[in-house]
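# Coordinate analysis (summary)
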Amino acid sequence: MTYTLTILGCGVMGQAVLSAIYKAPKATSVIKALYPSKIITCNHDEPSAQQVTDLISTFETSPNGIEVVSTYGKNVEAVKQSDVIILGTKPFLAEQVLNGVKDVTSGKLIISLAAGWTIGQLQAYTPSVSRVMTNTPAKYGYGCAVVSHSPQVTEDQKSLVSELISHVGKYVELPEKNMDAATALVGSGPAFVLLVLESLMESGIKMGIPLKESTECALKVLEGTAKMVEESGVHPSVLKHQVCTPGGTTIAGLCVMEDKGVKSGIIRGVEEAARVAAELGKK
Ligand SMILES: NC(=O)c1ccc[n+]([C@@H]2O[C@H](COP(=O)([O-])OP(=O)(O)OC[C@H]3O[C@@H](n4cnc5c(N)ncnc54)[C@H](OP(=O)(O)O)[C@@H]3O)[C@@H](O)[C@H]2O)c1
């Protein structure tokens with residue numbers, strides 16, 4: 001089977017997902033059937049369509065032979081030709097954009113990237129809906145995607161969603177009740193980690209390490225620690241205690257951070273982001 005996929009709203013996230021699918025390594029013939037032969041990207045204005053054209057011009061030929069056509073102002077024509085639609089507009093524009101194509105969405109699979117849009121809301125347009133929460137590192141293949149499906153999504157469609165979306169980085173299926181938490185942890189997560197990165201960098205600068213070296217060291221500490229947890233499979237608390245020499249520097253630093261409420265501040269911050277995500281869906 002060959003099919004056409006439309007990305008309805010191809011900005012930051014749409015382009016990240018487009019890049020991931022387009023550059024996916026060459027698949028075996030069975031898996032290749034899960035890839036579109038053509039991707040149509042839809043934007044509102046000419047400059048953003050040109051941005052997608054410029055991005056595609058930096059790509060080599062797609063290993064799975066995918067052709068990309070960048071358009072603007074042609075949502076209905078694009079959706080009409082497509083079996084699968086990725087919704088990549090901002091949440092507040094999703095209703096207007098979906099209403100504009102609702103006469104041609106029936107029976108198609110919608111994969112929605114929109115924060116706060118529930119499966120129930122999206123089913124006003126088609127029964128088969130996969131709700132995805134991903135993040136900006138997807139652009140580099142280090143993203144994370146949390147996915148929930150409507151009951152009408154078939155096993156074949158689940159395989160298609162998993163094959164396409166897994167190229168953003170990590171693919172995790174969870175029930176929809178976890179989606180607001182995933183929006184905070186995964187979608188907003190990079191901003192929270194960047195705050196930690198910035199704090200580490202600035203601590204180095206404050207004590208006289210130049211910006212460049214402070215940045216390199218802070219980055220490697222974050223990357224190395226994440227790899228250590230992933231590869232060892234050991235709980236972070238255990239690894240943290242392995243670094244704490246009795247009466248030493250690390251426990252002294254950790255005590256001050258606990259006094260300042262760093263850990264509960266992060267937990268409460270992520271929780272607040274999830275609360276706001278839940279509100280988005282009600283607007
Ligand atoms: N950015 C993140 O970190 C992040 C993280 C997790 C989830 N998300 C989700 O990803 C979705 C997209 O966010 P984003 O940051 O990628 O937004 P974005 O960069 O603003 O991209 C949205 C795109 O939608 C297009 N658009 C607007 N009106 C349209 C219309 N009538 N028809 C067709 N296309 C239209 C815009 O084109 P024009 O420029 O031409 O108007 C723009 O290219 C959101 O729902 C958000 O919740 C984002």
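Our structure's up above, just so we're on the same page.
This report concerns the structure included in the present document. If you're wondering where the values come from, they're calculated on a predicted model, not measured in any experiment. (Residues numbered from 1 in each chain as written. Predicted model: local features only at pLDDT ≥ 70, side-chain atom pairs only at ≥ 80, totals over all residues.)

A separate point is the environment of Val 101. With respect to the element layout, Val 101 can be found in helix 5 (residues 91–101). Overall, the presence of 22 C-beta atoms within 10 Å leaves Val 101 in the buried class. As for Val 101 and Ile 165, which are separated by 64 residues in sequence, their C-alpha atoms are 23 Å apart. Here Val 101 is in contact with Asn 75, Val 76 and Val 79, once residues within four sequence places are set aside. (Helix = DSSP H or I, 4+ residues; strand = E, 2+ residues; numbered from the N terminus. Buried ≥ 20, exposed ≤ 12 C-beta atoms within 10 Å, placed from the backbone. Contact = placed C-beta atoms within 7 Å.)

Bringing the pairing of strand 8 (residues 169–173) into the picture now. Examined bridge by bridge, strand 7 (residues 143–149) and strand 8 share five bridges and lie parallel to one another. Looking across to strand 8, one finds that Val 146 is bridged to Val 172. (Pairing = 2+ DSSP bridges.)

Gly 9, Gly 11, His 44, Ser 48 and Ala 115 are the nearest of the 26 residues found near the ligand. Those elements that provide at least two residues to the shell around the ligand are helix 1 (12–22), strand 2 (38–43) and helix 5. Across the shell around the ligand, the residue classes break down as 11 nonpolar, 13 polar and two charged. (Near = placed C-beta within 6 Å. Nonpolar A, V, L, I, M, F, W, Y, C, P; charged D, E, K, R; others polar.)

Now for the pairing of strand 3 (residues 67–72). Pairing of strand 2 with strand 3 involves six bridges; the strand directions are parallel. Directly across from Ile 40, in strand 3, lies its bridge partner Val 69. A crossover connection joins strand 2 to the parallel strand 3 through helix 3 (residues 46–57); in handedness this β-α-β unit is right-handed. (Right-handed = clockwise from strand over helix to strand, strands pointing away.)

For the pair helix 9 (residues 189–206) and helix 10 (residues 211–232), the least separation of the axes is 8 Å and the interaxial angle reads 135 degrees. Taken together, the axes of helix 9 and helix 10 are oblique relative to one another. Considering the relative orientation of helix 9 and helix 10, their crossing is right-handed. Here Leu 197, Leu 200, Met 201, Gly 204 and Ile 205 of helix 9 lie close against helix 10, whose contacting residues are Leu 211, Ser 214, Thr 215, Cys 217, Ala 218, Leu 219, Val 221 and Leu 222. Split into classes, the residues belonging to the contact of helix 9 with helix 10 amount to 10 nonpolar, three polar and no charged. (Axes fitted to C-alpha atoms, helices over the stretch in contact; angles between N-to-C directions. Parallel < 35°, antiparallel > 145°, perpendicular 65-115°, else oblique. Left-handed = near helix turned anticlockwise from the far one by under 90°.)

Don't take any of this as a statement about function, it's just geometry.
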